[in-house]
Amino acid sequence: MAVKRKKKNRESNGPSAPAWMVTYSDMVTLLLTFFVLMLSMAEMDKVKFQRAVVSLQGAFGIMENKPPDETQTDVIVPEIEPIPLEMLQSVYRKMLLDLQKLELDEDIELVKDRGAIVLRIKEKVLFDLGSTRLKKQAEPVLRKVARLVKPLPFQVRIEGHADSQPFGALDQTNWDLSAQRAIGVVKFIAQNELLSLDRLSAVGYGDQKPLVPNDTPENRALNRRVEFVLETGGDYRQELPFLVDSSDQLPF
């Protein structure tokens, strides 16, 4: 009778899991913990992460009954970051040499400003006073500038600047002048396929960012300018080996 009772109890507990299943479950748990730790330390694109969450919710049948957000847009503006210091000095020195080789050092001032490299072109090189039409002699200058900038892994923001003097007709302002000049430069570069459009942007500042006070004709002439602002928008370390010819580098 005792033997039968023991057999009956064993049958009521059901079949036990194989031994390898315990080891496999432990391994899966450890892997899950590892990936959760990696995910918590990673820098994620919030937009892509949100889309992935929505996709997973749909796959598992978990959908939130929320009205669509009409203000939401898929347009993502890339964040522009300052050029890292270790790269800034090297590129700046290389570009100084290139400006001399291209015979542009008299027409263009190269400066370092707020973590960016700026090619500063005076008004007289590109435009007549009060005009938004590119001068014919400006075209070879812009071609050389584009040739200088093209191999560099930078975003290029073309800025138009003006002085504080009234400009043109009553319905025109110095902001209009500066913006139209910046756009005109971008159009010339795009029409001649000198640089990729996805690297370019244009902005007009009018008289809001003067280099010197607008109190003399000479100072106002300095403030009327177009600037090529070179900034990095990604991981510069991926492209740094292809950036500078070591034979042209100068010591820091």
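Scroll up to find the structure.
This section reports on the structure supplied with the text. Residue positions are given per chain, counting from 1 as you read along its sequence in written order. Reporting in this predicted model follows two pLDDT cut-offs: at least 70 for local features of residues, and 80 or more for side-chain atom pairs to be given and counted; totals over whole chains, interfaces and linings ignore these cut-offs and use all residues. Working from all heavy atoms in the structure, the side-chain values ignore hydrogens and water.

### Examining a nonpolar patch on the surface
Residues qualify for a patch when their relative accessible area is over 30% and they have no salt bridge, like charges being joined within 9 Å and the nonpolar side chains of Val, Leu, Ile, Met, Phe, Trp and Tyr within 5 Å. Working definition of accessibility: Shrake-Rupley area with a 1.4 Å probe, residue cover restricted to the visible protein chains. Salt bridges are defined as contacts in which a side-chain nitrogen from Lys or Arg sits within 4 Å of a carboxyl oxygen from Asp or Glu. Taken together, the side chains of Trp 20, Met 21, Tyr 24, Met 27, Val 28, Leu 31, Phe 34, Phe 35 and Met 38 make up a nonpolar region of the molecular surface, amounting to roughly 910 Å² of accessible area. Put simply, DSSP marks the helices as runs of H or I at least four residues long and the strands as runs of E at least two long, and each gets a number from the N terminus on. With respect to the helices and strands, the residue Phe 35 is situated in helix α2 (residues 19–41).

### Quick notes on the sheet that holds strand β1 (residues 108–113)
Being paired, for any two strands, means DSSP has found at least two bridges between them. What the five strands build is an open sheet, ordered β1-β2-β5-β3-β4; its pairing is mixed. This sheet does not close on itself; its edge strands, each paired only once, are β1 and β4 (200–204). Averaged over neighbouring strand pairs, the angle between their axes works out to 20 degrees when direction is ignored. Note that strand β3 (residues 155–161) and strand β5 (residues 225–231) share seven bridges and pair antiparallel. Directly across from Gly 160, in β5, lies its bridge partner Val 226. Here, two residues are considered to be in contact whenever any of their heavy atoms come within 4.5 Å of each other. To get an axis, fit a line to the C-alpha atoms, keeping to the stretch in contact for a helix; angles then go from 0 to 180 degrees between the N-to-C directions. Against the sheet, helix α4 (residues 85–101) touches β1, β2 (116–122) and β5, its axis set at about 175 degrees to β1.

### Side note on the side chain of Asp 163
Assignment of secondary structure puts Asp 163 in the loop between β3 and α7 (174–191). Here the term buried applies to any residue with accessible area under 20% of the maximum for its type, exposed to any over 50%, and partly exposed to those in between, with areas from a 1.4 Å probe on protein chains only. The class of Asp 163 is buried, set by a relative accessible area of 5%. Looking at Asp 163, its side chain comes within polar contact range of the main-chain nitrogen of Gln 165, at 3.1 Å. With residues up to four places along the chain from it excluded, the contact list for Asp 163 reads Asn 174, Asp 207, Asn 214, Arg 220 and Arg 224. Polar contact is defined as a pair of N or O atoms within 3.5 Å, subject to the rule that within protein one atom must be able to donate a hydrogen and the other to accept it, and that residues adjacent in sequence are counted only when both atoms are side-chain atoms.

### Notes on the nonpolar core
Take the buried residues of types Ala, Val, Leu, Ile, Met, Phe, Trp, Tyr and Cys, join any two whose side-chain atoms come within 4.5 Å, and each joined set is a nonpolar core. Met 95, Leu 119, Leu 126, Val 145, Ile 158, Val 185 and Phe 228 are the most contacted members of the largest nonpolar core, which totals 38 residues. With seven residues, the single largest contributor to this core is helix α6 (residues 138–149). Sequence-distant contacts of Ile 158, defined by excluding residues within four places in its chain, comprise Ala 182, Val 185, Val 186, Ile 189, Leu 200, Ser 201, Ala 202, Val 203, Val 226, Glu 227 and Phe 228.

### A word on the side chain of Arg 225
With respect to the helices, strands and loops of the structure, Arg 225 is situated in strand β5. Residue classification places Arg 225 among the buried positions, given a relative accessible area of 5%. At 2.7 Å, the side chain of Arg 225 forms a polar contact with the backbone oxygen of Lys 209. Engagement of the side chain of Arg 225 in a polar contact is seen with the backbone oxygen of Asn 223, the distance being 2.9 Å. Setting aside residues no more than four positions away along its own chain, Arg 225 makes contact with Arg 120, Ile 121, Glu 123, Glu 159, Gly 160, His 161, Lys 209, Pro 210 and Leu 211.

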